[in-house]
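Notes for the structure review
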Amino acid sequence: MLELGPIFRALLRNKIGAILIAVQIAFTMAIIVNAVFIIYDRSQQTKRPSGIDEANTFFISSSGFGDDFDIKGTITQDLEAIRALPGVIDAIQINAIPISGSGSSMGLQTKPGAEHDGTGVAVYMVDEHGIKALDLELIAGENFAKSDIRWRGPAGSKWPAKVIVTEAMAKRLFPDLSYSEAVGKTVYINDVEPMIITGIIDKLQAPWVGWDNLDNAMLSPEKMEFQSTRYLIRTVPGMRDQLMKTVEELLAENKSRVVDGMRSIDYVRERSYRGNTAMIKILTTVIVTLTIVTSLGIVGLASFSVNRRKKQIGIRRALGATKADILSYFMVENFLISASGVVLGAVLTVALNMLLVSALSIPPLDWFYILAGMLVLCLVGQAAVFGPAKKATEIAPATATRTV
Amino acid sequence: MFGYYVKLAFKSIKKNPLLSFLMVFAIALGIGASMTTITVNYLMSANPIPDKSEQLFYVQVDSWDPHNAFNDESGDPPNQLTWTDANNLFDAQKAVKQVLMAKSGGIVVPEDKNINPFEVQIRLSTADFFPMFDTPFLFGSGWDMAVDSKLEQVVVLTKKINDKIFGGENSVGRNITLAGQNFKVVGVLDSWEPVPKFYDVNNGAFDEVEDVFVPFKLKETLELPSWGNVNCWKSPDSEGFKAFLRSECINFQMWVQLDNQEQQSDYLMFLDNYVSEQKSLGRFPRPMNNKVSDVMTWMENQQVVEDDAKMMMWMSFMFLIVCLLNTVGLLLAKFIGKSSEIGLRRAIGASKGQVFQQHIIESATIGLLGGIAGLLLALLGLKGIESLYGDFVKNLISLDFTMAATGLLIALLSSVLAGLYPTWRACNIQPATQLKSQ
Amino acid sequence: MLTMTNVKKVFRTDLVETHALRDFNLQVDEGEFVAVTGPSGSGKTTFLNIAGMLETFNEGTYQLDGEDVSHLNDNQRSKLRNEKIGFIFQSYNLIPDLSLFDNVDVPLRYRGFDAKERKKRIEESLDIVGLANRMKHLPSQLSGGQQQRVAIARALAGNPRFLLADEPTGNLDSAMAQSVMELLKEINKKGTTIVMVTHDPQLATQATRNIFVKDGQVSEINDVVAMHVANG
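A quick note: this is a predicted structure, and the numbers were derived from the prediction, not measured.

Take the overall build of chain B next. In terms of regular secondary structure, chain B is built from 15 helices and 11 strands. The C-alpha atoms of chain B give a radius of gyration of 30 Å, which is well past the 22 Å a tight globule of 438 residues would have. Projecting the C-alpha coordinates of chain B onto the three principal axes gives extents of approximately 100 × 55 × 35 Å. At a minimum sequence separation of 6, the contacts of chain B that also span at least 24 residues come to 75%. For chain B, the accessible surface area stands at approximately 18500 Å², while carbon and sulfur atoms represent 56% of it. Within chain B, the 46 negative side-chain charges are centred at a point lying 14 Å from the centre of the 36 positive side-chain charges.

Below, the structure is given as structure tokens:
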């Protein structure tokens, strides 16, 4: 039995208490809905795969010192030794680690000349073992041959003749072609230097997780004659941790270099997305505490209003209200307040989202979040008021005949 | 009377422990959340060098690609300089003081064979780095300008590195092997962690200060590697280190000290003249776009305060609003619940003003208790931030006296504000109606 | 109509047992107007609460309209209360947040009448007590006597067989009290059984029967007419 009319009219005579709860619900909803949306957005970002065999891959740096340090010889020896270790699937020298936060990018363009715009692409310098070590799938064209690999000097600026790009990059460069048709096309790096696309790989992310062109990557067939270099090693499942130790000890045998910076890709992912993970945890805490605060506020005010209306409840009971009638009175009253709160809340939610969209890089909210938020907050209100309402039903009908 | 009201406030708080706890808890949460985010934002946007921030200027000239602006959105000139421009501008010595710098790195091989060789971050800089940025010295000092031009191999160590190599002894005059070369130690810095690390924000605004300082011009002779951000709009003309330095790649920063408006406009004029001269040599294909920005302007331009931090702060303010609305509601419930007591007080002679005072003091007491609890929560919150974000925020999570005082003040003000309406309602309770039986 | 046989009501606290009613026996017939008097603490209000099923009792039987109500549960009692009994309280007990219309509406809502029926009954009963023109007003805008009339209207609206009145004129001055009494007598004449608790002998004499309660028991039943004769 609903008695909306009288409940509503009675509410209007006690506006302030009701308004306070409604506004509180509105602000809570604005925060919670936006927070949930951001959590969803960030967790989607965090889940994006990098394209490499993350669980079984690690990398390590080697920096030679002294004038007599033989760079080329050391790299060749190192790679041979590492690749020969049991449990190693493959190992390469590489200039940058996907999703690690540091690396280098270039622009590729389909027409030569400075007047044409290039498309940003992350550069990975690898040899013919690159595809296997990075666990990439070659979906068109062919891998580099051993003879394609050249040495790049410490301040080298010229580019090799071949390049392998990701499917995403191929589509950006040649939007009208299928990715396999991009094989054999010439693209230009540094405005004018030609490179022929000889292969397409399925997926490989750039080093910068916040970059707009995250899925644009290219493999350049090179080894680097740098004092400081980095090896990336892919192992069979379960062998990574053990091999990390083995490889570190192996490299450290050469005393004219410093070996450090050994990390797993799991670590890199954790570190690169730490901001997101932290944000998700903080916002979850905010949602939980805010829900508690608002619920406790509703409980507090509802208990107070039950106490204040003890006599009235007794009268209603005397006039024939069942316990269920009393319960529903408070539930309906709370529903009316919550409902007006969530309507205001919808407006505030959109306003806060617009603020976040305009000032910070937060995407606009999907409408169903608002709807779900309205529903959830009404439910929270109902749950919070249930306790005090239940207590109200315990008020004896005989209260009516007691002179207070 | 004040003491009496405070006593009454505590009595009243004790009388309704649950309601009082709810209010203190709500304020504490609101204050705790706000203080945590305000602290992080406050430290991110702190003035790292308050005495000089208006005299130190970051220098930008637009040497970028004729077809594309360095920054499409803002149209700002590049955020670093080319080797050529850095040296030309420095050699002109047109400012009161000027410093060139760049990030590099190398291997240190300690004499003590018990310590393994290790890699260090190098800050290449010119002599005025130390006096311009007021770096504190533990031993020795920086180097003078003659050292820069004579390409002497000297080094200033940070305290951390001095501790590692020399066990914290005064190492001035001793030698270290760095990047395969012999360097003489001239100074050891005391602990120095500017927040933000304003002198080079584009390589991590909250990173640690580099390990060692070495004269800038040694980069060329020793071919020290280019660390930090390198951006090029076209590749060097040929292979090799020299070609890189001659190229349009930017990796270098310059700060100048300009003491007044006149010096600033003179310096901008000098920059314009320099760019015109370079244009005649075929460089600087873009329209004239030179800039000098003082410390705080530069911090803002580089968006040192993270978006996430700003967002958290806004959200925490809304959180505080919810908590305050909560408190208003609960206070209202409490004060109206005390109607008969208030009516009685009014009947036996309390004026409206006195009832007002009594209740506003009660609100303030609750606010203060909430504020104190909130500060403790903020400490906890900052610990939480540290554990979530790790090293990145280690300089951003200390709650200083100003922040603690601000927190208490916010708690006090907001609780008094929250108490206003309930108190007003309490004052307007008519003595007569409350004494009649209901 | 109303039959109580050996009804016993005990209030227990940790320390004492209070016998509010002991072996309470009473029969009220249809159409009677019974006044219950007695000193304070005699059990008048407890009797009224039990009669109105606001409270339960420990022993004995209570039949209302031929139905034994001793074993009814809370919901059944609420329903019976709503359908058969109208309450009039000393302090009127109107709900301050609701208009006169909504106040009279309260028991009708619980009865489950539709809107049209409720409106008709509210208007009729407010008309009977002479306040039909003030339906939109709040209780606080009325005098005590008027408020009590609204309470009577509320009690009448559901067409109860029974009116239970607890000191209905206790808060009113004598002129107003008399006008409320006249209203009750009129209602009684139309066939509604009334049981009224009062401490005012003057008012009690206007009922058709007087019952004197002492120490939780009915100690005296006087036919009012007989008393008049004795006095005369």
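Between chain A and chain C, the contact holds 26 residues from the first and 28 residues from the second. Both faces considered, chain A and chain C share a buried interface measuring about 2500 Å² in area, 55% of it formed by carbon and sulfur atoms. Area buried by chain A at its contact with chain C is led by R13, L319 and T401 of chain A, which between them contribute 26% of it. Where chain A packs against chain C, one counts 1 salt bridge.

It is worth spelling out the sheet that holds strand 11 (residues 228-235) of chain A at this point. Residue and element names in this part refer to chain A. One open sheet holds the 4 strands; their spatial order is 2-11-1-12, and the pairing between them is antiparallel. Among the strands making up the open sheet, the edge pair consists of strand 2 (88-93) and strand 12 (257-264). Adjacent strand axes in the sheet meet at a mean angle of 20° when their direction is disregarded. With 6 bridges joining them, strand 1 (residues 57-64) and strand 12 adopt antiparallel strand pairing. Its bridge partner lying in strand 12, S62 is registered against V259.

Listed by partner, the interface residues are 56 residues for chain A and 49 residues for chain B. With both sides pooled, the region where chain A packs onto chain B buries about 4300 Å², and carbon together with sulfur makes up 73% of that total. In terms of surface lost to chain B, no three residues of chain A exceed L20, V293 and L360 of chain A, which account for 12% of the buried area on that side. Our enumeration of links across chain A and chain B arrives at 1 salt bridge. When the shortest N-O distance is used, the salt bridge between D308 of chain B and R42 of chain A registers 2.8 Å. The interface formed by chain A and chain B holds 6 residue pairs in polar contact (both at pLDDT 80 or more) in total. Those elements that provide at least two residues to the side of chain A that touches chain B are helix 2 (15-47), strand 1, strand 12, helix 8 (274-308) and helix 10 (323-359) of chain A. Top contributing element to the side of chain A that touches chain B by residue count: helix 8 of chain A, with 19 residues.

Basis of the calculations
All residue numbers refer to position in the chain's written sequence, counted from 1. Chains and ligands are labelled sequentially in the order written, the chains with letters from A and the ligands with numbers from 1. A pLDDT threshold of at least 70 governs which residues receive local features in this predicted model, and a stricter bar of 80 or more applies before side-chain atom pairs are shown or counted, although totals over entire chains, interfaces and linings include all residues. Excluding hydrogens and water, the side-chain figures rest on all heavy atoms present in the structure. Numbering of helices and strands runs from the N terminus; a helix is a DSSP stretch of H or I covering at least four residues, while a strand is a stretch of E covering at least two. Throughout, radius of gyration means the C-alpha value; the globule benchmark is 2.2 Å times the number of residues raised to the power 0.38. Note on definitions: a residue-residue contact is assigned when non-hydrogen atoms from the two residues lie within 4.5 Å. In these tables, accessible area is a Shrake-Rupley quantity obtained with a 1.4 Å probe, and a residue counts as shielded only by the protein chains included in the view. The charged-residue count follows a simple rule in which Lys and Arg add positive charge and Asp and Glu add negative charge, with His and chain termini not counted at all. Where a charge lies is defined by one atom per residue type: Lys uses NZ, Arg uses CZ, Asp uses CG and Glu uses CD. Buried area, as used here, totals the accessible surface that two parts lose on assembly, with accessibility defined by a 1.4 Å probe and the loss added over both. Here a salt bridge means any side-chain nitrogen of Lys or Arg lying within 4 Å of a carboxyl oxygen belonging to Asp or Glu. Two strands pair if DSSP finds at least two bridges between them. Throughout, an axis means a line fitted to C-alpha atoms (over the contacting stretch in the case of helices), and angles, computed between N-to-C directions, take values from 0 to 180 degrees. Here a polar contact is taken to be a pair of N or O atoms separated by no more than 3.5 Å, where protein atoms must pair a possible hydrogen donor with a possible acceptor and residues adjacent in sequence count only if both atoms sit in side chains.

These results come straight from atomic positions and should not be treated as a statement about function.
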